[in-house]
Amino acid sequence: MTDPSHDRLLIIDFGSQVTQLIARRLRELNIYCEIHPYNTVTDDFLERFAPRAVIFSGGPCSVLDAGAPRPPASVFELGVPILGICYGQQVMMQMLGGQVERGDSTAEFGRAYVVPAKERIDLLNGWFLEEREQVWMSHGDHVSRIAPGFAVYATSPGAPFAITADLNRNFYAVQFHPEVHHTPNGRTLYENFVRLAGFKGDWTMAAYREEAVQKIRDQVGDSHVICGLSGGVDSSVAAVLIHEAIGDQLTCVFVDHGLLRQGESDEVVGMFRDHYNIPLIHADEADLFLGELDGVSDPETKRKIIGRLFIDVFQKHAHAIDGAEFLAQGTLYPDVIESVSFSGGPSVTIKSHHNVGGLPEKMGLKLVEPLRELFKDEVRALGRELGLPDSFIGRHPFPGPGLAIRCPGEITREKLDILRKADAVYIDQIRKHGLYDEIWQAFVAILPVRTVGVMGDSRTYDFACALRAVTSVDGMTADYYPFSHEFLGETATRIINEVRGINRVTYDITSKPPGTIEWE
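Attention here is on the structure that accompanies the text. (Residues numbered from 1 in each chain as written. Predicted model: local features only at pLDDT ≥ 70, side-chain atom pairs only at ≥ 80, totals over all residues. Heavy atoms only, no water.)

1. Observations concerning the environment of Leu46
- Within the element layout of this structure, Leu46 appears in helix H2 (residues 43-49).
- Sequence spacing of Leu46 and Leu78 is 32 residues, and the spatial spacing of their C-alpha atoms is 8.5 Å.
- Dropping the residues within four chain positions of it, Leu46 is found in contact with Leu10, Val41, Pro51, Pro72, Ser74, Val75 and Leu78. (Helix = DSSP H or I, 4+ residues; strand = E, 2+ residues; numbered from the N terminus. Contact = heavy atoms within 4.5 Å.)

Listed below in structure tokens is the structure:
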């Protein structure tokens with residue numbers, strides 16, 4: 001938990017895949033919040049956390065099922081505002097004396113419209129400036145009777161109690177998802193809710209920086225920290241932050257695993273040695289990683305091998321550094337959320353992350369993860385606060401496992417060399433057309449197939465590749481970037497002409513969900 005001097009909002013998670021977006025909307029309003037699974041929120045936890053307000057997330061379960069997820073009843077006795085969303089509305093109604101029913105005829109999935117039912121309330125300031133508001137619904141069950149003390153303030157065709165509230169207790173409940181992009185005025189609803197709860201909106205990167213530096217000093221003491229640098233923004237920001245806190249007690253280990261982009265090794269080493277004067281070990285371990293990955297095609301196995309080898313390399317260098325007791329990583333909040341499915345809970349693990357899940361006991365090191373509470377755009381804001389150059393902060397995300405997860409199927413040095421060259425051409429094209437800053441992430445994936453082509457009147461049998469470019473706010477959801485056909489045609493021509501080994505170029509137009517941004 002963060003500094004208790006901040007107002008804190010608790011999000012109780014019932015397993016919705018978009019719970020993270022609630023936190024993002026609140027962070028945008030400078031509100032500090034934390035997501036905690038429903039089955040970890042106990043009476044003791046509530047007393048320790050002392051939230052100024054609580055939000056119940058959506059979820060995939062039915063409140064009518066035996067053993068359905070519930071918050072502790074004591075949450076309603078805290079005397080703080082509560083907002084229930086979708087499943088959160090239904091569990092609130094059921095626990096407070098209302099009724100929920102199943103019903104295919106009232107199910108709503110996707111875009112819907114709500115209309116006001118009676119007088120306006122402060123929660124809805126800025127809503128219903130026209131006759132109706134667009135919202136995003138995703139529910140099968142519906143509230144059939146509201147709990148005593150509640151009144152109805154908006155309805156939809158499938159949700160007669162789309163917005164309800166008990167104004168005396170400051171309890172609010174909506175059947176739709178205000179956190180998603182498809183509820184255009186959702187941010188306003190959250191803004192009204194935190195204003196009603198009396199939040200000061202003091203969650204800033206300057207405040208976070210100050211608190212994080214002190215927390216690092218308190219945790220580390222006089223010990224030495226090894227920071228694993230991957231070459232990406234996250235680990236780099238973590239390293240600079242930790243260096244500010246403890247100075248020469250930090251040594252960075254840059255693991256060159258042979259899976260980096262073209263020229264990346266020289267760029268990272270130069271920045272940290274020349275500009276920040278941070279002690280740096282450049283560990284060239286390409287042969288080790290590529291040897292262990294030889295013949296491996298399963299993506300989860302790749303990630304686990306890379307994670308294990310990172311630990312082995314760090315452990316080797318830790319033994320050579322006197323007083324090294326901590327390993328620092330650039331773990332982010334979305335990494336934690338995507339990797340961990342709470343025991344017995346309704347959400348599912350999307351994919352494992354090489355830097356999540358703790359350290360093996362044999363390593364004998366404790367973790368320092370100063371970015372674990374932050375989303376990607378917040379890390380960039382912290383990087384600017386720390387003075388990192390915009391040219392580096394604005395770089396597209398690059399995964400810790402590197403090109404291994406952009407090379408579906410078996411990994412070979414030949415495929416990696418082809419991939420690096422193709423990726424360099426693609427990014428050069430994006431920069432030349434002035435599109436780099438409009439795109440959240442762009443890269444090439446080399447496909448595990450060869451295709452027949454014709455070049456110079458001769459038959460070719462080379463690899464196909466897929467271009468990927470997405471727009472996003474936080475990496476939790478994403479849409480493909482709408483390149484013009486002219487751009488795609490020009491880029492495909494350049495790759496085929498300049499990169500020996502590729503004779504076919506495709507463009508991936510899958511959003512997230514249903515896909516993920518990376519291919520593996």
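2. A word on the sheet that holds strand E13 (residues 250-256)
- Strand order in this open sheet of five strands is E14-E13-E12-E15-E16, and the pairing throughout is parallel. Each edge of the open sheet carries a strand with a single partner, namely strand E14 (280-284) and strand E16 (366-368). Pairwise comparison of adjacent strand axes, ignoring direction, gives a mean angle of 30 degrees for this sheet.
- Bridge analysis of strand E12 (residues 224-229) against strand E15 (residues 324-328) gives four bridges, and the strand direction is parallel. Note on E15: the bridge partner recorded for Ile226 is Leu327. (Pairing = 2+ DSSP bridges. Axes fitted to C-alpha atoms, helices over the stretch in contact; angles between N-to-C directions.)

3. Describing the packing of aromatic side chains
- One pass over the structure, following the stated rule, counts 17 aromatic pairs.
- Taken together, the ring pairs connect Phe14, Tyr38, Phe56, Phe76, Tyr87 and Phe171 into an aromatic cluster.
- Looking at Arg8, its charged tip hangs above the ring of Phe49, at a distance of 4.9 Å from the centre. (Phe/Tyr/Trp six-rings, centres within 6.5 Å; stacked < 30°, edge-to-face > 60°. Lys NZ or Arg CZ within 6 Å of the ring centre and 35° of its normal.)

4. Some details on the pattern of salt bridges
- With the rule as written, the count across this model stands at 31 salt bridges.
- For Arg209, the salt bridge goes to Glu244, with nearest N and O atoms at 2.6 Å. Taken together, the residues Arg209 in helix H5 (residues 205-220) and Glu244 in helix H6 (residues 233-246) connect sequence positions 35 residues apart.
- For Glu244, a relative accessible area of 33% gives the class partly exposed.
- Taking the shortest distance from any N to any O, the salt bridge between Glu292 and Arg308 comes out at 3.0 Å. (Salt bridge = Lys/Arg side-chain N within 4 Å of Asp/Glu carboxyl O. Buried < 20%, exposed > 50% of the residue type's maximum accessible area, 1.4 Å probe, protein only.)

5. Considerations on helix H3 (residues 87-95)
- Where burial is concerned, most of H3 is hidden: seven out of the nine residues are buried.
- Residues of H3 that are buried: Tyr87, Gly88, Gln89, Gln90, Val91, Met92 and Met93.
- Among the residues trailing H3, Gly97 stands out with phi positive, at a value near 110 degrees.

6. Digging into the packing of H6 against helix H11 (residues 376-386)
- Running from amino to carboxyl end, H6 crosses H11 at an angle of 40 degrees, the nearest separation of the two axes being 10 Å. Taken together, the axes of H6 and H11 lie oblique to each other. Two packed elements cross with a definite hand, and for H6 against H11 that hand is left-handed. On the side of H6, the interface is formed by Val233, Asp234, Val237, Val240, Leu241 and Glu244, while H11 contributes Lys376, Val379, Leu382, Gly383 and Leu386. (Parallel < 35°, antiparallel > 145°, perpendicular 65-115°, else oblique. Left-handed = near helix turned anticlockwise from the far one by under 90°.)

7. Quick notes on the pairing of E15
- Counting buried positions over the five residues of E15 gives four, a clear majority of the element.
- Pairing of E15 with E16, which is carried by three bridges, proceeds in the parallel orientation. Within E16, the position partnered with Ala328 by the bridge is Val368.

8. Observations concerning unusual backbone geometry
- In the segment running from Lys512 into Pro513, the intervening peptide bond is cis, with an omega of -15 degrees.
- Residue placement: Pro513 occurs in the segment after strand E20 (502-507).
- A cis amide bond, omega 15 degrees, links Pro513 with the succeeding residue Pro514.
- The residue Ala50 is not glycine, and still its phi comes out positive at about 50 degrees.
- Structurally, the position occupied by Ala50 is in the loop between H2 and strand E3 (53-56).
- Classification of Ala50 as partly exposed rests on a relative accessible area of 47%.
- Although it is not a glycine, Phe128 sits at a positive phi angle of roughly 60 degrees.

9. Description of the environment of Phe128
- Among the secondary structure elements, Phe128 is positioned in the loop between strand E6 (108-116) and strand E7 (133-139).
- Here Phe128 is in contact with Val114, Val115, Pro116, Arg120, Glu133, Ala154 and Ile163, once residues within four sequence places are set aside.

10. Regarding the environment of Gly489
- For Gly489, the location among the structural elements is in helix H14 (residues 485-498).
- C-alpha separation for the pair Gly489 and Val505, spaced 16 residues apart in sequence, amounts to 9.3 Å.

11. Points about the side chain of Glu369
- The topology assignment puts Glu369 in the loop between E16 and H11.
- Taking relative accessible area as the criterion, Glu369 reaches 17% and is therefore assigned buried.
- Of note is the side chain of Glu369, whose polar atom sits 2.8 Å from the side chain of Thr331. (Polar contact = N/O pair within 3.5 Å; in protein donor to acceptor, adjacent residues only side chain to side chain.)

12. Quick word on the side chain of Gln329
- Following the sequence through the fold, Gln329 ends up in the loop between E15 and helix H10 (333-339).
- Assessed through its relative accessible area of 11%, Gln329 is described here as buried.
- At 3.4 Å, the side chain of Gln329 and the side chain of Glu369 are in polar contact.

Shape is all these values report; function is a separate question.
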